[in-house]
Amino acid sequence: MSTKTKPAAKKPTTTLIDVRQAPQMIRIGADGKPLAEGATGHVAVLLPQYGLMFDIATPVLAESWAKAKAAAKKVRTLGFKNWVLPERQELLLIVDLSKRLPAIDTALFPNTPTHDWYWTATELASDSSFAWGVLFYLGYVYYSPRNGAGFVRAVRRVPASQ
């Protein structure tokens, strides 16, 4: 009789995003280089600890979730072609819980309309005809029918070297 035991199965790892703690946000200039804190004229915001870069152009209002996803893919800020609609937890990272009306840092994200939803790429698990969105006016997250209008805030996943 063998006494060998099977190795323990690897447990999947999940990276949790703690939205209670504000992430480091670095302004990125049109040349792709970091700018000093408080500088203006940036075109993107980098969250280095999450490997995310958000486009700061005035968001497009898309007629539906599918059109929002397509609009995000058309973003070409800094010459990159890998912009997408953020997942729900990614978009929540730029909600500023210390602010209200709007609940976003308007110095980092100027020209941010706050009166309507911003689509995320995250579908509602229980009904895929709905997807999650964020309302920056109050910092709410909620789901909405995918055929409804919403704004687009594009993000790209950034390698550690950028």
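Residues numbered from 1 in each chain as written. Predicted model: local features only at pLDDT ≥ 70, side-chain atom pairs only at ≥ 80, totals over all residues. Heavy atoms only, no water.

Looking at this structure, how should I read the overall build of the protein chain?
When its secondary structure is counted, the protein chain shows two helices and nine strands. Counting only residues that meet the buried cut, the protein chain has 39% of its 162 residues in that class. Within the protein chain, contacts between residues at least 6 apart in sequence are counted, and of these 61% link residues at least 24 apart. (Helix = DSSP H or I, 4+ residues; strand = E, 2+ residues; numbered from the N terminus. Buried < 20%, exposed > 50% of the residue type's maximum accessible area, 1.4 Å probe, protein only. Contact = heavy atoms within 4.5 Å.)

For this particular structure, what's the right way to read the sheet that holds strand S9 (residues 155–157)?
By way of backbone hydrogen bonds, the strands of a sheet pair with one another, either parallel or antiparallel. The strand order across the open sheet formed by four strands is S1-S2-S3-S9, and the pairing between neighbours is antiparallel. Edge positions in the sheet fall to strand S1 (26–28) and S9, since each has one partner strand and no second. Each strand axis lies, on average, 25° off the axis of its neighbour in the sheet, ignoring direction. Pairing of S1 with strand S2 (residues 44–47), which is carried by three bridges, proceeds in the antiparallel orientation. Bridged to Ile 28 within S2 is Ala 44. (Pairing = 2+ DSSP bridges. Axes fitted to C-alpha atoms, helices over the stretch in contact; angles between N-to-C directions.)

Is there a simple way to explain the environment of Val 134 in this structure?
Mapped onto the secondary structure, Val 134 falls in strand S6 (residues 130–135). Given a relative accessible area of 0%, Val 134 falls into the buried group. Ignoring sequence-local partners within four residues, the contact set of Val 134 consists of Leu 91, Leu 92, Val 95, Asp 116, Trp 117, Tyr 118, Thr 120, Tyr 140 and Val 141.

For this particular structure, what's the right way to read the pairing of strand S5 (residues 118–123)?
A regular strand carries its side chains on alternate faces of the sheet. S5 sits mainly inside the fold: five of its six residues count as buried. In the sheet, S5 pairs with S6 via three bridges, with the strands oriented antiparallel. Residue pairing across strands places Glu 123 opposite Ala 131, the latter belonging to S6.

In this structure, what is going on with the environment of Lys 69? I would like to understand it.
Mapped onto the elements of the fold, Lys 69 is located in helix H1 (residues 65–73). Sequence-wise, Lys 69 and Val 152 are 83 residues apart; in three dimensions their C-alpha atoms are separated by 7.9 Å.

Looking at this structure, I do not really get the confidence of the model for the protein chain. What am I missing?
Detailed reading of the predicted coordinates is not advisable wherever pLDDT falls low. In this model, the protein chain carries an average pLDDT of 89, and 85% of its residues clear a pLDDT of 70 or more. Here residues 9–15 is a poorly scored stretch, pLDDT under 50, and it has one contact once near neighbours within four places are set aside; other chains count. (pLDDT = per-residue confidence, 0-100.)

What am I meant to see in H1 here?
Three- or four-residue spacings in an α-helix give side chains the same orientation, since the helix completes a turn every 3.6 residues. All of the buried residues in H1 are Trp 65, Ala 68, Ala 71 and Ala 72. An end-on view of H1 places all buried positions within 115° of arc, on one side of the element. Tucked into the core, H1 has its buried residues touching strand S4 (60–62), S5, S6 and strand S8 (150–152). (Arc of directions from axis to C-beta.)

What should I look at first to understand the packing of aromatic side chains in this one?
Think of a pair of aromatic rings as described by two things: how far the centres are apart, and how the planes are tilted against each other in angle. As enumerated under the stated definition, the model contains seven aromatic pairs in all. Taking the centre distance of 6.4 Å and the plane angle of 85° together, the rings of Phe 54 and Phe 109 count as edge-to-face. Of this pair, Phe 54 sits in strand S3 (residues 52–55) while Phe 109 sits in the loop between helix H2 (88–92) and S5, placing them 55 residues apart in sequence. Exposure remark for Phe 54: the relative accessible area of 0% places this residue in the buried category. On the basis of an interplanar angle of 75° and a centroid distance of 4.9 Å, the ring pair of Tyr 118 and Phe 136 is categorised as edge-to-face. Note that Tyr 118 is positioned in strand S5 and Phe 136 in the loop between S6 and strand S7 (140–145), a separation of 18 residues in sequence. Residue Tyr 118 is classed as buried on the basis of its relative accessible area, which comes to 0%. (Phe/Tyr/Trp six-rings, centres within 6.5 Å; stacked < 30°, edge-to-face > 60°.)

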